[in-house]
Amino acid sequence: MKVEEIDVAEQMGEVGRILREYDRKKGILIHALLAIQEDHGYLPEDVLRKLSKKLDLPLAEIYSVASFYKQFHFTPRGRKVVRVCLGTACYVRGAKKVLSTLEERFNIKVGETTEDLAMTLETVGCIGCCGLAPVATVNEDVVGEIGLKKLDRLIKTIG
Ligand code: FES
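These lines cover the structure that appears in this document, whether it is placed above or below. (Residues numbered from 1 in each chain as written. Predicted model: local features only at pLDDT ≥ 70, side-chain atom pairs only at ≥ 80, totals over all residues. Heavy atoms only, no water.)

Looking at the packing of helix H2 (residues 14-40) against helix H4 (residues 59-68)
The geometry of H2 relative to H4 is characterised by a closest axis approach of 11 Å and an angle of 65° between their N-to-C directions. Between H2 and H4 lies a crossing of right-handed hand. Contact residues: Tyr22, Lys26, Leu29, Ile30 and Leu33 in H2; Glu61, Ile62, Val65 and Ala66 in H4. Here the contact of H2 with H4 is built from residues that sort into 7 nonpolar, no polar and 2 charged. (Axes fitted to C-alpha atoms, helices over the stretch in contact; angles between N-to-C directions. Helix = DSSP H or I, 4+ residues; strand = E, 2+ residues; numbered from the N terminus. Left-handed = near helix turned anticlockwise from the far one by under 90°. Contact = heavy atoms within 4.5 Å. Nonpolar A, V, L, I, M, F, W, Y, C, P; charged D, E, K, R; others polar.)

Here you go:
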């Protein structure tokens, strides 16, 4: 028998059964978290509590798993998620000014969301469009060569 053919869980009897059950629940958990985030845009605590009961998994365990993955969020997100690139090329071409203008205009800091949920402001490392610096992404779209006029237009589209 090859090492990879050994089913450790099976050879461990009751402990193995528990481990298999735990693995199964963890598999379900990730899919459930993705579906919840798809529905709500983030992971609301009350929904996670219901999930905890349904899967018979401690809430702390659910938070622990969700926290491990960067794509899960625990607070509501803005309809537009603006990520200003702070990579070197963007930085030297004015990304800090773009960022501070957005912070001032919407009265939020990086990592925050406006009260009306219009926008979440984040930063990102180089996204590979250095030739267009300074660059930001708005949801899935890339906005490059952000000068004053373009920044003004961007702000208007956000609200
Ligand atoms: S540094 Fe901003 S896209 Fe490369």
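Here's the deal with the packing of aromatic side chains
Within this structure, the stated rule accounts for 3 aromatic pairs. With a centroid separation of 5.4 Å and 35° between ring planes, the pair formed by Tyr63 and Phe74 is classed as tilted. Here Tyr63, found in helix H4, pairs with Phe74, found in the loop between H4 and strand S1 (80-85); they are 11 residues apart in sequence, far enough to count as distant. The partly exposed category is assigned to Phe74, whose relative accessible area is 32%. Members of the aromatic cluster, connected to one another through ring pairs, are Phe68, Tyr69 and Phe72. Over the face of the ring belonging to Phe106 we find Arg105, whose NZ or CZ atom lies 4.9 Å from the ring centre. (Phe/Tyr/Trp six-rings, centres within 6.5 Å; stacked < 30°, edge-to-face > 60°. Buried < 20%, exposed > 50% of the residue type's maximum accessible area, 1.4 Å probe, protein only. Lys NZ or Arg CZ within 6 Å of the ring centre and 35° of its normal.)

A short note on H2
For H2, built from 27 residues, the straight-helix expectation of 39 Å at 1.5 Å per residue is met to within 8% by its first-to-last C-alpha distance of 38 Å. Listed as buried for H2 are Gly16, Lys25, Leu29, Ala32, Leu33, Ile36 and Gln37. After H2 finishes, the residue Gly41 shows a positive phi value of roughly 85°. (Expected span 1.5 Å × (residues − 1).)

Considering the nonpolar core
Counting residues in hydrophobic clusters, the biggest one holds 23 residues, and the most contacted among them are Val82, Val84, Leu102 and Leu121. Within the residue set of this core, elements represented by two or more residues are S1, helix H6 (95-106), strand S2 (119-124), strand S3 (136-138) and helix H7 (148-158). Examining the composition of this core, we find that 5 residues originate from one element, H6, more than from any other. For Leu102, the contacting residues outside a window of four places in its chain are Val82, Val84, Asn107, Leu121, Leu151 and Ile155. (Core = buried A, V, L, I, M, F, W, Y, C linked by side-chain atoms within 4.5 Å.)

Remarks on the pattern of salt bridges
The final tally for this structure, using the stated rule, is 5 salt bridges. Where Glu122 meets Arg77, a salt bridge forms, and the shortest distance between an N and an O atom there is 2.6 Å. With Glu122 in strand S2 and Arg77 in the loop between H4 and S1, this residue pair connects regions lying 45 residues apart in the sequence. Classification of Arg77 by relative accessible area gives buried; the value is 17%. Bridged by salt links that share partners, the residues Arg77, Arg83 and Glu122 form one connected network. (Salt bridge = Lys/Arg side-chain N within 4 Å of Asp/Glu carboxyl O.)

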